[in-house]
Amino acid sequence: MDVDSSDEVLETWIPKLKALNIKVVYRKQQHSNPKGVGYAKNQAVDQSTGKFLCFLDADDIMHCNRVQKQYDVAVQKPNSIVGCKFNRVPEGSTERYTQWANNLKPFQLYTQIYTSNGPTIIMPTWFCSRAIFNEVGGFSEAGKGTPEDLLFFFSHLRNGGGVHRIDEDLLTYRYHLQATTFSVSEHTIWNIRVREFEDHILAKWQNFTIWNAGKQGRKLFRSLTSANRLKVTAFCDVDIKKITKGIYIHEESKEIPKPRIPIIHFTEGKPPFIICVKLGMTGGSFESNLTSLHLTEGVDYYHFN
């Protein structure tokens, strides 16, 4: 069992908070097999009594007006998880991720939920009604390595819940290698994303094109169910070598003959697309190519980068 100084820190603060007439509920528990962050969050909610819940990781800092501003919005949007913009310390850490999360348009809070970045509203900024928590049934208590916030987020959206971001920086989000985020494997996140995408997007599509004939596009193809692999009409790309090759053969398949998927130029691809190209990594060329097709995000394509 991991041991740190959390107990001692909390015990020094209890009398200080009580002196300010701030109610403190403190429950100390020990487990030979810790149940993880989800269990801790569920216990905190269980010990609370308020109509609204404000989340904050222990290593982050909220700005003084955060609670009031998010509360005001949550009252108007009781079925939404309300988040906000944030800054990171050290400054410049995860710069691409920060820019992505802080600059998503309102509709993209829904359309870009399948990317590798996780929830489009980051967990340390969440503010929501207790009713939302109860409807989802709390966080997963599967333990270390479980993306409890992503699972909760997907479940909330499946229940018809909304998301909203206040476009103000109301939180300092600390970056360090000991963060619990790093205990969750890429493989776990990938599988959750694929299954969610298949259940809620691909189930409605008759066929589609995978944009990227490289490593990530092929990995997505191999991760799909056999029924959804049959819906893939082509891979599209800009790489002349891949296009000249002209075909991707799924060698791992037990089917005879093995599936052979055409590789074509992106201008020849037919929507809808699943895009497996990382944003902000091509000097703007990918974004320019995508814009040139005059497609609608959330209808003609989804990002799965």
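This report concerns the structure included in the present document.

Cut-offs applied
Per chain, residue numbering runs from 1 following the sequence as it is written. Residues qualify for local features only when their pLDDT is at least 70, as the model is predicted, and side-chain atom pairs are given and counted only at 80 or more; totals for whole chains, interfaces and linings, by contrast, use all residues. With hydrogens and water excluded, all non-hydrogen atoms of the structure serve as input to the side-chain values. Throughout, a disulfide means two cysteine sulfur atoms within 2.5 Å of one another. When a residue's accessible area, from a 1.4 Å probe over protein chains only, is under 20% of the maximum for its type it is buried; when over 50% it is exposed; and in between it is partly exposed. Here a helix means four or more residues in a row that DSSP labels H or I, a strand means two or more in a row labelled E, and each is numbered from the N terminus. The arc in question is the one spanned by the directions pointing from the helix axis to the C-beta atoms. Two residues qualify as a contact provided that any one of their heavy atoms is within 4.5 Å of a heavy atom in the partner residue. Only buried residues count toward a nonpolar core, which is a set of Ala, Val, Leu, Ile, Met, Phe, Trp, Tyr and Cys residues joined through side-chain atoms within 4.5 Å. Strands are treated as partners if at least two bridges between them are detected by DSSP. For helices, the fitted line uses only the C-alpha atoms of the stretch in contact; every axis is such a line through C-alpha atoms, and the angle between N-to-C directions lies from 0 to 180 degrees. Buriedness of a pocket was judged along seven lines, with at least five required to meet protein on both sides within 12 Å; pockets are open sets of points on a 1 Å grid over the protein atoms alone, cavities are sets where a 1.4 Å probe fits but cannot get out, and lining residues have an atom within 4 Å of a point. Grid points are joined across faces, edges and corners, and a volume is the space filled by probe spheres set on the points. Three residue categories are used. Nonpolar comprises Ala, Val, Leu, Ile, Met, Phe, Trp, Tyr, Cys and Pro, charged comprises Asp, Glu, Lys and Arg, and polar comprises the others, including Gly. Definitions for this section: a left-handed crossing has its near helix turned counterclockwise from the far helix by less than a right angle. A right-handed crossing has that turn clockwise.

## Examining the state of the cysteines
Following the criterion strictly, the structure yields zero disulfides and no others. In this structure Cys64 is a free cysteine whose sulfur lies 13 Å from that of Cys84, the closest cysteine sulfur available. On the accessibility criterion, Cys64 (84% relative accessible area) is exposed. Counting only cysteine sulfurs, Cys276 is the nearest neighbor of Cys236, a cysteine outside any disulfide, at a range of 9.8 Å.

## Details of helix H3 (residues 66-76)
An α-helical turn contains 3.6 residues, so a residue and the one three or four places further along point in the same direction. Of all the residues in H3, the buried ones are Arg66, Gln70, Val73 and Ala74. Seen end-on, H3 carries its buried residues on one side only, within an arc spanning 100°. Tucked inside the fold, the buried residues of H3 contact strand E1 (52-54), strand E2 (61-62), strand E3 (80-89), strand E4 (127-129) and strand E5 (162-174).

## Details of the nonpolar core
The tendency in soluble globular proteins is for nonpolar side chains to be buried as a group. With 61 residues, the main nonpolar core has Trp126, Phe197, Ile274 and Phe304 as its most contacted residues. Filtering out sequence-adjacent residues up to four positions away, Ile274 remains in contact with Phe197, Leu202, Trp205, Phe208, Thr209, Ile210, Trp211, Leu220, Tyr302 and Phe304. Formed by 11 residues, the second largest nonpolar core is a distinct cluster that contains Trp211, Ala234, Phe266 and Phe273.

## Considering the sheet that holds strand E11 (residues 301-303)
The strand order E8-E9-E7-E6-E10-E11 describes an open sheet built from six strands, whose pairing is mixed. A single partner strand is all that each edge strand has here, and the edge strands are strand E8 (247-249) and E11. For this sheet, the mean inter-axis angle between neighbouring strands, taken without regard to orientation, is 25°.

## Points about the layout of surface pockets
Its boundaries defined by the atoms lining it, the second largest pocket holds a volume of some 240 Å³. When residues of the lining of the second largest pocket are traced back to their parent elements, those giving at least two are helix H7 (148-158) and helix H8 (186-200). Per-element accounting of the lining of the second largest pocket gives the leading share, three residues, to H7. Among the residues forming the lining of the second largest pocket, the class breakdown is seven nonpolar, one polar and three charged.

## Brief notes about the packing of H8 against helix H9 (residues 215-223)
As a packed pair, H8 and H9 sit with axes 11 Å apart at the nearest point and diverge in direction by 65°. The handedness of the crossing between H8 and H9 is right-handed. Contacts between H8 and H9 involve Glu186, Trp190, Val194 and Arg195 on the former and, on the latter, Gln216, Lys219, Leu220 and Ser223. For the contact of H8 with H9, a count of residues per class yields three nonpolar, two polar and three charged.

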